[in-house]
Each structure stands twice: as C-alpha cells, then as structure tokens.
Amino acid sequence: MRKSEFLSRHTPPGADLHPQWRVLSMGGVVSWLYSLGFIFRFADAWSQLYSYDRVSGKRVLQEGVIMPDFIQLLDNALLGFGLLAIVMIGFCIFYYTYHRQGSRSIYLMRRLPDRWELHRRCLSLPLLTATLCIAAAALLLLLYYGIYCLATPESCLRPGQWQMIWGIRS
Amino acid sequence: MIEIRQLSKSYAGKSALRNIDLCLPQGEIVGLFGENGAGKTTLMKCILNFLPHRGEILLDGESITSKNIARLSFATSEHSFFPNLTAQAHRDFYASHFPRFLDRRFQGLMEFFELPMHKALHGFSTGQKNQFEVILALSQGADYILMDEPFAGNDIFNREDFYKVLLGILEPNETILLSTHLIEEVSGFIGRALLLRHGSLVGDVSMAQLEETGQDLVGYIKQTWQYRPDRVGRALDELSGKEE
C-alpha cells in the first residue's frame, strides 16, 4: 500500500495532518538530542575510570574503580520519546473532535456499515506514531547499552546491568 | 418498516421523548412537526442509534446496527459532510462505503443544482451546503431518508425546486421522514403528518384523512396543539400597557 493511499484510509477525511507531522518531526529531533545526554554522562564517567600518567603520558585504568550503572547514566535520556508517545493520545482526541468541527461528520461516520471506520481513522496514525516512538526509544536503548558494554573495561563493569534496567535485582 | 415502541429519552433527568409508539412503512413521505425543543431531532437521532434511549426501534423486525444502518440516511441542518473535502471526494467516499450508492442520482442532482464538483465544501454558500447535504442523503441508496430541517437557510425558489425534484426522483420503496417548520410548503407533497409536543406524539394523521374532513394541515396542527389565536393580541395589549 502506498503512503498516500494508507494515509487516505487511516486518517479523518480532509483532516490537516501537518500538525501531527510537525510535532512528530520536531519532537523526534528534540527527543534524540535530549537522549544524547547519555553519551555525555557516559563519556564523563568513562574518563574518570582513568588517571593520567605524566611519566609515560598515557591514560592508566585506576585500580578497583567501578563504572556507574548503565541505568544511572541513562537517567531519563529516553523520556522525550515517552512524552511524544503520550502526546499522541492528544492527537487521538483531536481526530475524534475533528468530526464535530465545522460540521457534524460524526453523524456520517457513525452511520457507516463498517463500524470500525471511525476508530481506524482516528486511532491508526497516532498509534502508529506512538509505536514508532517506542521503537526508536528501544533502538536507542540497545545502542547505548551496546556502547556502555563495549566501551567500558570489563573489570569496571558491575554484573546484572541489563536486569537493572527493568528493576530486577540480581 | 421502522417500528418504534415505547421510545423514551431524557437529558439529565429532563424528558425529551415520552413513550413514542410509531410505525413508518416503506414508500411514505412523512412530515414531522413540532415546536422548537419538541423532540424532532432527538427522535431522529434515536432512530439512527446516535443516542442511548429506552424502548425499542426495529427496522424490518431487527435492531438497527452496523449491519442494516446503511438502509438509513440522514440530512441535517448541522451538516454531516466533511467541510475540507470536495463534492467529488464525498462521492468517492460514499461510493466506497455504501454499496447501494446511486451515482446517477448524485450526478443528476449535482447538475440540477449547479453545484461545483471540485470545490471544498467550506467554500459553498449555506444554501449550497444544505443542497449538498440533501443530495448525499438521497444518493446513499437508503430505504429510509431522515431529514432534519434540511432547508433552513434556503430561499423559497430553491426549496420549491427541491420539493419537485424530490417527488420526481423518489422510488416506491423510499421513505422520507422530514422534520420542518415549513408546514404549508410541505403540506402539498407529504402523505402523513406526525406532531410532537413536549416529547409526546400528539398527532398522527394521513393527508387523505385530512382531505376527507376538509381540514388543512395548518388548521389540524393548530387544533392539536390547542393554539390560542388571541394569545398574541393579549400579549401585545399587556406589553403596550392597554387597560380594558
């Protein structure tokens, strides 16, 4: 199914989709930039694992030093994507109320033989967008976790980092 | 046939419809009359299942659900089209959702009323919007066409054109339930009149019955409503301070 065909079937007829695209694109960029906070916190913590040997001029891993937990460094870096997904609830409401603005097209939608048509047109795009936000957050979580695990010296890693993300204490 | 049994509806404890019993057989043009707030719109919305209600509404013996709702169409003065879409886009939308959409009728009526096909509805005049609303209701391919004051805002010539077209195009199986305040105008082409007052059905008469008794529709309605012609005179006297 082509994009335009998908949109014409899954959005309220005649609705202006620009506000949602604007929120999605701007919100996506801001959320991603905000998530980069993890990289800065990680780089700072990582540099503190090492001390500078003035004689050799090299970085030396300090003994017994432990990297802060991943969840601690992650903090609320992915919060933006969560908020963006929640904003989509507002778009669902907006699309439902659209059918009561300017005219009462809700009367037509509620008379359609396909009783799911109204809900499909009001919920599909916001739900798809919310899913994309959650997927983007999940991908970044995996990416940042990969960076954390690969770049942190093994001796500085506390076990059970992945479980800690989900609140499971090992 | 639409059968309405003991239909009642109230808004926040205030009764809008009281124990309505009514049958609408196929092939009738029925006028629905009543003062503002009498319950005309509420009755139509209950038939269309837009409002929760008490009582039973059956379409050929079955409840009205998504399975048979396409047999009902609705034209309202509030308008039920999409203001941002063109007439052409509405035609496509209706054709894809209503299997019995009457494309020839739609085209014919659009040409008759000289409505533009490729202009967004929000750019139409109020009269054109009303015409288009009725065109959609008539073209859906429904057996029962519910019209709630569809001509509010249209001029007399326009309305008369519509009445003539309506009489000319309706198939024998099509029923129209027309709510309007334009009693005299529609009295020439309706076959039956229903009168609502304070949510109750106070009158149900066929035009043939009225003809037999030699009474006209306006007279019948005034009599049924117990209209007091001296009311205005007395009110004016009181307002202008005249004393007997």
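Residues numbered from 1 in each chain as written. Chains lettered and ligands numbered in written order. Predicted model: local features only at pLDDT ≥ 70, side-chain atom pairs only at ≥ 80, totals over all residues. Heavy atoms only, no water.

Draft legend 1. Inspection of the overall build of chain B at higher detail. In terms of regular secondary structure, chain B is built from nine helices and ten strands. For 244 residues, the compact-globule formula gives about 18 Å, and the C-alpha radius of gyration of chain B, at 19 Å, lands near that figure. Viewed in the frame of its principal axes, chain B has a C-alpha envelope of about 65 × 40 × 40 Å. Across the 244 residues in chain B, those meeting the buried criterion constitute 50%. (Helix = DSSP H or I, 4+ residues; strand = E, 2+ residues; numbered from the N terminus. Rg over C-alpha atoms; globule rule 2.2 N^0.38 Å. Buried < 20%, exposed > 50% of the residue type's maximum accessible area, 1.4 Å probe, protein only.)

Draft legend 2. Local environment of the sheet that holds strand E7 (residues 144-148) of chain B. Residues and elements named next belong to chain B. Across the sheet, six strands lie side by side as E6-E7-E8-E3-E9-E10; this open sheet has mixed pairing. Every interior strand has two partners, whereas the edge strands, strand E6 (72-76) and strand E10 (200-206), have only one. With strand direction ignored, the average angle separating the axes of adjacent strands in the sheet is 15 degrees. Where E7 meets strand E8 (residues 175-179), five bridges bridge the pair, whose relative direction is parallel. Within E8, the residue paired with Ile145 across the bridge is Ile176. (Pairing = 2+ DSSP bridges. Axes fitted to C-alpha atoms, helices over the stretch in contact; angles between N-to-C directions.)

Draft legend 3. Spatial organisation of unusual backbone geometry. Look at Asp60(B): it is not a glycine, yet its phi comes out positive at around 50 degrees. For His79(B), which is not a glycine, the phi torsion comes out positive at approximately 70 degrees.

Draft legend 4. Local environment of the confidence of the model for chain A. Overall, the predicted model of chain A reaches an average pLDDT of 93, with 98% of residues at or above 70. Averaged pLDDT values for the elements of chain A fall to 85 in helix H1 (residues 3-10) of chain A and rise to 97 in helix H6 (residues 105-109) of chain A. (pLDDT = per-residue confidence, 0-100.)

Draft legend 5. Molecular detail of helix H3 (residues 103-112) of chain B. Residues and elements named next belong to chain B. When we look at burial in H3, the residues that qualify are Arg105, Phe106, Leu109 and Met110. Buried residues of H3, viewed axially, fall in a sector of 130 degrees; they line one side. Residues of H3 that are exposed and point over 90 degrees away from its buried face: Arg104 and Glu111. On its buried face, H3 is in contact with helix H2 (87-97), helix H4 (126-139) and helix H5 (156-169). Glu114, located one to two residues past H3, shows a positive phi value of around 50 degrees. (Arc of directions from axis to C-beta. Contact = heavy atoms within 4.5 Å.)

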